[in-house]
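Per-entry structural report
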Amino acid sequence: MKKPVTRVRTCDVAFQFRMGAGFPGDVNRTHPAAIEPVMVDVETPPTIFGQIVVVDTTSNAVRPLAASDQSNSVVLTPHGTLVRSYPSQASTGGAFGAASLGSATPPATGVADVLRAGYIMVQLNVGVTAPTKGGAVYVWCAATSGNHIQGGYETEYSAGNTTLLDPRYTYNGPPDSNGVTELSCNV
Amino acid sequence: MKNTIINKSVRMAFRDNGMMTYDGSGRTTDSAGNQLGKPFGNRYTMHDGRTCDSTGAFLVGELERLDPTLHEPLAAVTWGRDIDLREDVTIADEISSFTLSTYGSQGSLGTGNSIGNGKAWIGKSTDQMTGIGLDLAKIPHPMTPWGMELKYTILELESAARLGRPIDQQKFEGLQLKHQMDVDEMVYIGDTSLGLTGLVNNSLVSNVSNFANGASGFATWATKSPDEILTDFNNAITSVWSASGWAVMPDRILIPPTQFGYISTAKVSNAGNVSILKYVQDNNLLTTSGRGKLDIFPLKWLIGSGVGGTVGTVGTVDRMAVYTKDKKRVRYPMTILQRTPIQYDSIYHKATYFCRLGAVEAVYPETMGYFDGL
């Protein structure tokens, strides 16, 4: 899977009226939250924190959703959502190690944390209809098309492109101006 | 955060917090406000050419000088400037309320109660005296609990300390800023979800009107002459003074930043050498009647907060808010920010910070007025 470059600026640093909602992969409430250590699938590692991951049965490691996971009828039960620990060592950077806000790249190998149950901040694909509290969660499984990033969060059904997640996964309200919103998982 | 005005009564001191990396370790910043970082004891060398932070730990080159100063987000709150606190409320209180008294008396002679009549005259042998009537209203507002959790793992904490950019202190300052910005919003415009209003959109204030058009045919100050702007000020003061039974002349006027900038720089006339603002400060009703200085301040929450406008959107309907900054007239009830003891849960350290935030109590809404379209 091709890693997306920084698509959005997830946070500004001059707050006129209120600050943003947060950062993808941050576990936003911990009473309680079930966070499980997992191996990252080296063939297809997760590409962004807060991403829905499933277990690759060959490697017993987690990977993001792909075209093979797409279904117009079967509801998908994921393994969890990739958690962002902070701070952690950057393994890549721009020129001279430059790193913009909200550009954190998850580790491509080794151990990662996955939220099995709890509340986590996630990044919506650009341009999707704003979710409502309790709204169904769709993931774009088909190949990236324009703003619809593969493995990214969507709010509406798109035949041949999206997969609906288990109803225990719901959006917990509308996003901020950067498209960051809270996801309720298995709560 | 440097611009943040934090009321003393709600300021949380770092000291004795028991949760900060730097508790008890002496100075944490130098005289310029730079973070000094956590001392490692001996000289510390970055063997791999990397320094510890979007992941928070960055790649740094051998010939690179990374400024260790923490550059926090820019944000300013002004509620501490514009309203007094009601401090008797506690974390146990679910409602903050007050009573409002009014009196009544019937004239004794039965000649009516109009101006010039209705006094309590009696004769030398009268035994049927009139009495005084009393009525009280009780005005309640909810005190809504507010809470946020501060949490990190020991591993995150140690990594951040190694970087010299303590996650605990940064998260705490972020939480404080969130608290301050939430209080700021509650004080000025209240909360949409809870249906509460604030200082500049209070539902109890009925003295709301549009400024009259100037000679240009428009009401905006950019199109008005200095005389017309001074008239707007004095009309607003007079309107509120009148609504309060000519008892309370307002001493504070808040206007949007752009209009404040305009009257601060535009001269009162081509022959004059003072700004419209200075001229207004010298020639307003409050000052010329010998009742002190009229405070005029810029306020971001007035951008677009007029009737038909969108708060925060420039170019919609802006508002001027006129009131008296006095705890007896208008105030804000809130409790101090406090926290739970640290909870050690596996490798997590957690603490919840909480308080109760009330809604602006416009005790005498007659002493407040809103004027739109400037």
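Let me sum up the structure you'll find in this document. (Residues numbered from 1 in each chain as written. Chains lettered and ligands numbered in written order. Predicted model: local features only at pLDDT ≥ 70, side-chain atom pairs only at ≥ 80, totals over all residues. Heavy atoms only, no water.)

Section: the interface of chain A and chain B
Test applied: The contact rule is simple, with two residues in contact once any of their heavy atoms fall within 4.5 Å. Accessible area that two parts lose when put together, evaluated with a 1.4 Å probe and summed over both, is termed the buried area. We define a polar contact as two N or O atoms separated by no more than 3.5 Å, with the added condition that, inside protein, one atom must be a possible hydrogen donor and the other a possible acceptor, whereas residues neighbouring each other in sequence contribute only through side-chain atom pairs. Numbered from the N terminus, helices here are DSSP runs of H or I no shorter than four residues, and strands are runs of E no shorter than two. Basically, the charged four are Asp, Glu, Lys and Arg, the nonpolar ten are Ala, Val, Leu, Ile, Met, Phe, Trp, Tyr, Cys and Pro, and anything else, Gly included, counts as polar. When DSSP locates at least two bridges between a pair of strands, those strands are taken to pair.
In this assembly, 31 residues from chain A lie in contact with 30 residues from chain B. For the pair chain A and chain B, the summed buried surface comes to about 2,500 Å²; carbon and sulfur atoms form 56% of the total. Along the contact surface separating chain A from chain B lie seven residue pairs in polar contact (both at pLDDT 80 or more). Counting residues per element, the side of chain A that touches chain B draws most heavily on strand β1 (residues 27–39) of chain A, which supplies five residues. Classifying every residue of the side of chain A that touches chain B gives 14 nonpolar, 14 polar and three charged. Pairing of strand β5 (residues 88–89) of chain A with strand β1 (residues 56–57) of chain B involves two bridges; the strand directions are parallel. For S88 of chain A, the partnering residue across the bridge sits in β1 of chain B and is G56 of chain B.

Topic: the packing of aromatic side chains
Describing an aromatic ring pair means giving the distance of the ring centres and the angle of the ring planes. Note the threshold: In summary, the pairing rule links any two rings of Phe, Tyr or Trp, Trp by its six-membered ring, whose centres are within 6.5 Å, and it sorts them by plane angle into stacked for under 30 degrees, edge-to-face for over 60 and tilted for everything else. We call a residue buried when its accessible area falls under 20% of the maximum for its residue type, exposed when it is over 50%, and partly exposed in between, using a 1.4 Å probe and counting protein chains only. Any Lys NZ or Arg CZ found within 6 Å of a ring centre and within 35 degrees of that ring's normal is scored as a charge over the ring.
Under the criterion given, the structure shown has eight aromatic pairs over all chains. Ring centres of F172 of chain B and Y353 of chain B lie 5.3 Å apart, and the angle between their planes is 45°; this geometry places the pair in the tilted category. Residue F172 of chain B is found in helix α3 (residues 167–188), and its partner Y353 of chain B is found in strand β13 (residues 348–357); the two are separated by 181 residues along the sequence. Exposure remark for Y353 of chain B: the relative accessible area of 0% places this residue in the buried category. Taken together, the ring pairs in this structure connect F211, W221, F233 and F371 of chain B into an aromatic cluster. Over the ring of Y119 of chain A we find R29 of chain A; its NZ or CZ atom is 4.8 Å from the centre of that ring. Above the ring of Y348 of chain B, the side-chain terminus of K350 of chain B is found at 6.0 Å from the ring centroid.

So, the state of the cysteines
All names here are of chain A. Selection criterion: The disulfide definition used here is simple: a pair of cysteine sulfur atoms within 2.5 Å.
Overall, the coordinates contain zero disulfides over all chains when judged by the stated rule. C141 carries a free sulfur, and the closest cysteine sulfur to it, the one in C185, is 16 Å from it. When its relative accessible area of 0% is taken as the criterion, C141 is described as buried.

A word on unusual backbone geometry
Cis rather than trans, the peptide bond between H31 of chain A and P32 of chain A has omega equal to -15°. Positionally, P32 of chain A belongs in strand β1. Backbone torsion omega between Y86 of chain A and P87 of chain A reads 0°, so that peptide bond is classified as cis. Position of P87 of chain A relative to the elements: it lies in the loop between β4 (80–82) and β5. A positive phi is found at W246 of chain B, a non-glycine position, where the angle reads about 55°. Relative to the elements of secondary structure, W246 of chain B occurs in the loop between α4 (226–243) and β7 (252–255). One non-glycine residue, S346 of chain B, adopts positive backbone phi at about 60°. You can call S346 of chain B exposed: its relative accessible area is 64%.

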